[in-house]
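Overview (structure and organization)
As a plain string of letters, each chain reads:
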Amino acid sequence: VGLRSGRSLWMHSDPVSRKNESVNAEVLDLMNKMQSAAAGLNVSLGHPLFTQPLPPSSLQRFLRARPIPGLVLADHQTLFNNRYYESMYDDVENLNVTYPPDLSPDEQLVYETDAAKSLAEVATLVARSLYLQAGGEDKSLSNITADPKIVSHMTNTHTHTRAHTLTHNMHWFRSLLPPEVTKKGDNSILSSGPPQFYIGLGPRIHGPVHSVTRFVQYILANLTGTVTNLTESQCQNPSEINTENKDLFSYFWVSGPASLNSTGEPFCVRASVRLSKAVSPAFELLEYGSPNYSTWTESRWKSIRARIFLVASRELEMLTLGVGVAVLLLSLLVTYFISSKAELLFSSARETPTTAY
């Protein structure tokens, strides 16, 4: 929904499952609730033709089990507007995210771009629709509104990361990390190079979590968690405190916000943010030939080497060619001269034979 043209937003549904009357009735009810939730928002909802297939989405995986009602929101009716959707080029430039020229990197993170405002409206629409679906009343919808500044924080930081421009002077993100990471400059998270999106398989699943996953984890913990008065040792070992529950919450010792002239005061954040291994059931069930679960392997790890040769200038190439042609012609002349005078040059004087009796 990042490149929706104007105010248009499209509700896609599955035409196959909607052949079931009960599923079709629930899909229509979902559409009506979403239309009610869109009242007062700068969003215009529409839906494609009934026969149009469902676009690629996670809903398709659930529909393989049984027909269920569901909608997929997208910024297009038939064709993708974003040619780089979910690719390495789905970044700031191709999303048309622009900033005033006089903003610093830290100021860009809190600047409310048009894309962030648009996403905040979509988030408000989805939240209100879920509220109605759960049995809420229409009169309470105005109290449910996504904060565009928080959306700006999240989207701007994420697009900076995808654009490889995450720098060490972004104080907001540095405040979310542990103090030892910000002081030592952990290359896995604060690296100025391209972010690592690679996911390992087999034994590598249990390896270290790559930087983008940690990046999202710390942001969500900051936005959804609460600050506690635990010390650093207590935060790292909350199971030793009777009032804390390590099974329900995760605990993060973070650096805290810093000013321009001083470092932040570390504190402990308690949040319900957790990490889980994204392992295909085929590996857990040992059904590697299963048609129901994805199974794929890593490419072969082999070093690639290349040799680079410098190309001479055009003048030097022509000089070398000219000298080579001149040497060739001179060699031909010398060879012809020697060959034509061979009898004279290589003949020896006839010696008078001596006779011995």
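Right above here is the structure, for reference.
So, here's what we can say about the structure. The numbers attached to residues start from 1 for each chain and follow its sequence in the written order. Local features in this predicted model are restricted to residues whose pLDDT is 70 or higher, and side-chain atom pairs enter the listing and the counts only when it is 80 or higher, whereas totals over whole chains, interfaces and linings include all residues. The basis for every side-chain value is the complete set of heavy atoms in the structure, and neither hydrogens nor water enter the calculation.

Disulfide assignment relies on a single distance test, namely cysteine sulfur atoms paired within 2.5 Å. Applying the stated criterion across every chain, the model contains one disulfide. Note that Cys 235 is cross-linked by a disulfide to Cys 268, the S-S spacing being 2.2 Å. When the S-S torsion is 75°, as for the bridge of Cys 235 with Cys 268, the disulfide is right-handed. In this pair, Cys 235 sits in helix H10 (residues 232-236) while Cys 268 sits in strand E6 (residues 267-271), placing the two residues 33 residues apart along the sequence. Each helix is a run of DSSP H or I of at least 4 residues and each strand a run of E of at least 2, with the numbering of both proceeding from the N terminus.

Moving on, we get to the pairing of strand E5 (residues 250-254). Type-normalised accessible area, obtained with a 1.4 Å probe on protein chains alone, sets the label of each residue: buried when under 20%, exposed when over 50%, and partly exposed for intermediate values. Counting buried positions over the five residues of E5 gives five, a clear majority of the element. Where burial is concerned, the two faces of E5 agree: the one with Ser 250, Phe 252 and Val 254 and the one with Tyr 251 and Trp 253 are both buried. In this structure, E5 lies alongside E6, joined through five bridges in antiparallel fashion. Among the inter-strand pairings, Phe 252 is bridged to a residue of E6, identified as Val 269. Think of it this way: DSSP has to see at least two bridges between two strands before they count as a pair.

For the rest of this paragraph, the subject is the nonpolar core. As used in this record, nonpolar core signifies buried Ala, Val, Leu, Ile, Met, Phe, Trp, Tyr and Cys residues forming a set joined through side-chain atoms within 4.5 Å. Within the largest apolar cluster, 15 residues are counted, with the highest numbers of intra-cluster contacts made by Leu 9, Met 11, Met 34, Val 43, Leu 45 and Leu 125. Secondary-structure elements contributing two or more residues to this core are strand E1 (8-12), helix H1 (21-37) and helix H4 (114-133). Per element, the largest residue contribution to this core is five residues, and it comes from H1. Membership of the second largest hydrophobic core comes to 13 residues, among which are Phe 215, Tyr 218, Ile 219 and Phe 252.

Here we come to the sheet that holds strand E2 (residues 44-46). Taken in spatial order, the three strands make up an open sheet running E2-E1-E3, and their pairing is mixed. Edge positions in the sheet fall to E2 and strand E3 (72-74), since each has one partner strand and no second. Going across the sheet, the axis of each strand differs from the next one's by a mean of 30°, ignoring polarity. Two residues form a contact once any of their heavy atoms are found within 4.5 Å. Axes, fitted as lines to C-alpha atoms, cover a helix only where it is in contact. Angles between the N-to-C directions of the axes lie from 0 to 180 degrees. This element, H1, spans E1, E2 and E3 of the sheet and lies at about 160° to E1.

We now examine unusual backbone geometry. Even without being glycine, Leu 286 reaches a positive phi, approximately 60°. Positionally, Leu 286 belongs in the loop between helix H11 (281-284) and helix H12 (314-340).

Once that is clear, we can look at the packing of H1 against H4. Put simply, H1 and H4 touch, their axes get as near as 8 Å, and they point 125° apart. It follows that H1 is oblique to H4 by the angle criterion. Taken as a pair, H1 and H4 cross one another with a handedness that is right-handed. Residue-level contacts link Asp 29, Leu 30, Lys 33, Met 34, Ser 36 and Ala 37 of H1 to Leu 125, Arg 128, Ser 129, Leu 132 and Gln 133 of H4. All residues other than Ala, Val, Leu, Ile, Met, Phe, Trp, Tyr, Cys, Pro, Asp, Glu, Lys and Arg, Gly among them, are scored as polar; the first ten of these are nonpolar and the last four charged. Split into classes, the residues belonging to the contact of H1 with H4 amount to five nonpolar, three polar and three charged. Roughly parallel refers to an angle under 35 degrees, roughly antiparallel to one over 145, roughly perpendicular to one between 65 and 115, and oblique to any angle outside these ranges. Crossing chirality is assigned from the near helix's rotation relative to the far helix, an anticlockwise turn below a right angle marking it left-handed and a clockwise turn marking it right-handed.

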